[in-house]
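# Breakdown of the fold
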Amino acid sequence: MPEPHIDTPYVASEDRYESMPYRRTGRSGLKLPAISLGLWHNFGDDAPLDGQRAVLRRAFDLGITHFDLANNYGPPYGSAEQNFGRILREDFAGYRDELVISSKAGWDMWPGPYGFGGSRKYLLSSLDQSLGRMGLDYVDIFYSHRPDHDTPLEETAGALISAVQQGKALYVGISSYTPENTAKMAELLTAAGVPLLIHQPSYSMVNRWIEDGLLETLEQVGAGAIAFSPLAQGMLTDKYLDGIPEGSRATQGKSLNPDWFTDEHVEHLRELNSIASARGQSLAQLALSWALRDPRVTSVLIGASSVRQLENNVGALENLDFTAEELTAIDEHARDFGINLWDI
């Protein structure tokens, strides 16, 4: 499909809700699209605004109603929220109530002792800044982006509760918390009448840590899960099956370490790619549909640098069913590669 003309006023597709599955988030009343769009990469000032606009327009036309941000997405920090805010104002202003917009705070954002962690001061100050950058009165979901072992859980929970009580967030979530701390956070939030809506963990065929207790905990407390990095920062694509291409993310010193591409790992990836081909899918499509096989996973977060990449990934929804034989074959090669950078 050709790239949309970005100089044309945007009118959403009338059939935008016809093909996207929407899943209930835990025991809440909020449904999320099976595939959500994350703005971690490709939406900072290092990417053309017209390209960002084209991806966001096409995403919504495909039924992707959830856009996930954080205070420090960029580069530079804050620029993804600022760029998204501009496109929201110019293209999506009339569709705000059809969108779920999330942001987070917890990783580093500004210098000094108050621009990092889980303190009340940092979380609420950051939320105010995020709202200002995006031009919003509230976000739909506000996350504690990371556990902070130097801050009591009670303080972080109190900040999330205040965000809802002040009308600056409709729901709250956490990211990368252990099963034990997830259960404790859910207890603290529920006691204040602000249930834990969702947990955002890293999860993929080569990073399966959430299967060791977290999914069970989320089911018990009634929260959903939205998996980030379901393509393992790009490992679970066909890009690296024959080596590391020049200019790829693995050569850029970002979140994809070239040392992870051992001979053993690459052989597992090739076998998974063969399974994907037999299903009529790309490796990336297989990885996304596999991550959605468990109903406790509400949604998966994808990134996209182009409309074509977005459409290819959404194509995973055309084949979400697995036979027992396929799952067994995948388990032989879906090993933990030791790539969970967020295990803190």
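Summarised in this report is the structure supplied together with it. (Residues numbered from 1 in each chain as written. Predicted model: local features only at pLDDT ≥ 70, side-chain atom pairs only at ≥ 80, totals over all residues. Heavy atoms only, no water.)

### Some details on the overall build of the chain
Looking only at helices and strands, the chain features ten helices and ten strands. In terms of overall dimensions, the chain is globule-like: its C-alpha atoms have a radius of gyration of 19 Å, near the 20 Å expected for 344 residues. Overall, the C-alpha framework of the chain stretches about 50 × 50 × 40 Å when taken along its three principal axes. Put simply, the chain has 344 residues, and 58% of those count as buried. Intrachain contacts of the chain at a sequence separation of at least 6 include 76% that bridge at least 24 residues. For the chain, the accessible area works out to roughly 14,500 Å², and carbon and sulfur atoms hold 48% of it. Across the chain, 28 positive and 47 negative side-chain charges occur, with their mean positions spaced 5 Å apart. (Helix = DSSP H or I, 4+ residues; strand = E, 2+ residues; numbered from the N terminus. Rg over C-alpha atoms; globule rule 2.2 N^0.38 Å. Buried < 20%, exposed > 50% of the residue type's maximum accessible area, 1.4 Å probe, protein only. Contact = heavy atoms within 4.5 Å. Areas by Shrake-Rupley, 256 points an atom, 1.4 Å probe, with all protein chains shown as cover. Lys, Arg positive; Asp, Glu negative; His and termini not counted. Charge placed at Lys NZ, Arg CZ, Asp CG, Glu CD.)

### Things to note about helix α7 (residues 263-278)
Helix length check: α7, at 16 residues, gives a terminal C-alpha distance of 23 Å against a target of 22 Å (1.5 Å per residue), a fit within 8%. Among the residues of α7, those classed as buried are His265, Val266, His268, Leu269, Leu272, Asn273, Ile275 and Ala276. Where the residues of α7 are buried, they touch α8 (283-291) and α10 (324-331). The first or second residue beyond α7 is glycine 280, which carries a positive phi of 75°. (Expected span 1.5 Å × (residues − 1).)

### Observations regarding the sheet that holds strand β8 (residues 196-200)
Spatially, β3-β4-β5-β6-β7-β8-β9-β10 is the arrangement adopted by the eight strands of the closed barrel, whose pairing is parallel. Across the sheet, the mean angle separating the axes of adjacent strands is 30° when strand polarity is ignored. Bridge analysis of strand β6 (residues 139-144) against strand β7 (residues 169-175) gives five bridges, and the strand direction is parallel. What sits directly across from isoleucine 141, in β7, is tyrosine 171. Packing against the sheet, helix α6 (residues 214-221) makes contact with β8, β9 (224-227) and β10 (297-302), and its axis sits at approximately 140° to β9. (Pairing = 2+ DSSP bridges. Axes fitted to C-alpha atoms, helices over the stretch in contact; angles between N-to-C directions.)

### Here we look at the pattern of salt bridges
In the structure shown here, the tally under the stated rule is 17 salt bridges. One salt bridge connects aspartate 294 with arginine 296, and the closest N-O pair in it is separated by 2.8 Å. For arginine 296, a relative accessible area of 25% puts it in the partly exposed group. Residues joined by salt bridges that share partners form a network here, namely Arg53, Arg57, Arg86, Glu90 and Asp91. (Salt bridge = Lys/Arg side-chain N within 4 Å of Asp/Glu carboxyl O.)

### Let's talk about the pairing of strand β5 (residues 100-105)
With six of its six residues buried, β5 lies for the most part within the structure. Going residue by residue along β5, you find Val100, Ser102 and Lys104 tucked away on one face and Ile101, Ser103 and Ala105 tucked away on the opposite face as well. For strand β4 (residues 66-68) and β5, the ladder comprises three bridges, and the chain directions are parallel. Note on β5: the bridge partner recorded for aspartate 68 is serine 102. You can see the chain leave β4, run along helix α2 (residues 79-91) and come back into β5, and the turn it takes is right-handed. In this sheet, β6 lies alongside β5 in parallel orientation, the contact comprising four bridges. Bridge pairing in β6 places lysine 104 opposite tyrosine 143. A crossover connection joins β5 to the parallel β6 through helix α3 (residues 120-134); in handedness this β-α-β unit is right-handed. (Right-handed = clockwise from strand over helix to strand, strands pointing away.)

### What about the pairing of β8?
In terms of burial, β8 is largely enclosed, as five of its five residues are buried. Note: β7 against β8, four bridges, orientation parallel. Of the residues in β8, the one forming a bridge with serine 175 is glutamine 200. Traced from β7 through helix α5 (residues 179-191) to β8, the parallel crossover comes out right-handed. In this structure, β8 lies alongside β9, joined through two bridges in parallel fashion. For histidine 199, the partnering residue across the bridge sits in β9 and is alanine 225. This β-α-β element, β8 to α6 to β9, shows right-handed connectivity.

### Topic: α2
Under the 1.5 Å per step criterion, the end-to-end length of α2 is 18 Å for 13 residues, consistent within 8% with the ideal 18 Å. In this structure, the buried side of α2 is in contact with α1 (49-61), β4, β5 and α3.

### A closer look at the nonpolar core
With 101 residues, the main nonpolar core has Leu37, Met205 and Leu310 as its most contacted residues. Per-element tally for this core: the top contributor is α8, with seven residues. Beyond its immediate stretch of four places on either side in the chain, methionine 205 contacts Leu236, Leu272, Leu283, Leu286, Ala287, Trp290, Ile330, Ala334 and Arg335. If you look at the next biggest cluster of nonpolar residues, it comprises eleven residues, including Ile141, Leu197, Ile226 and Phe228. (Core = buried A, V, L, I, M, F, W, Y, C linked by side-chain atoms within 4.5 Å.)

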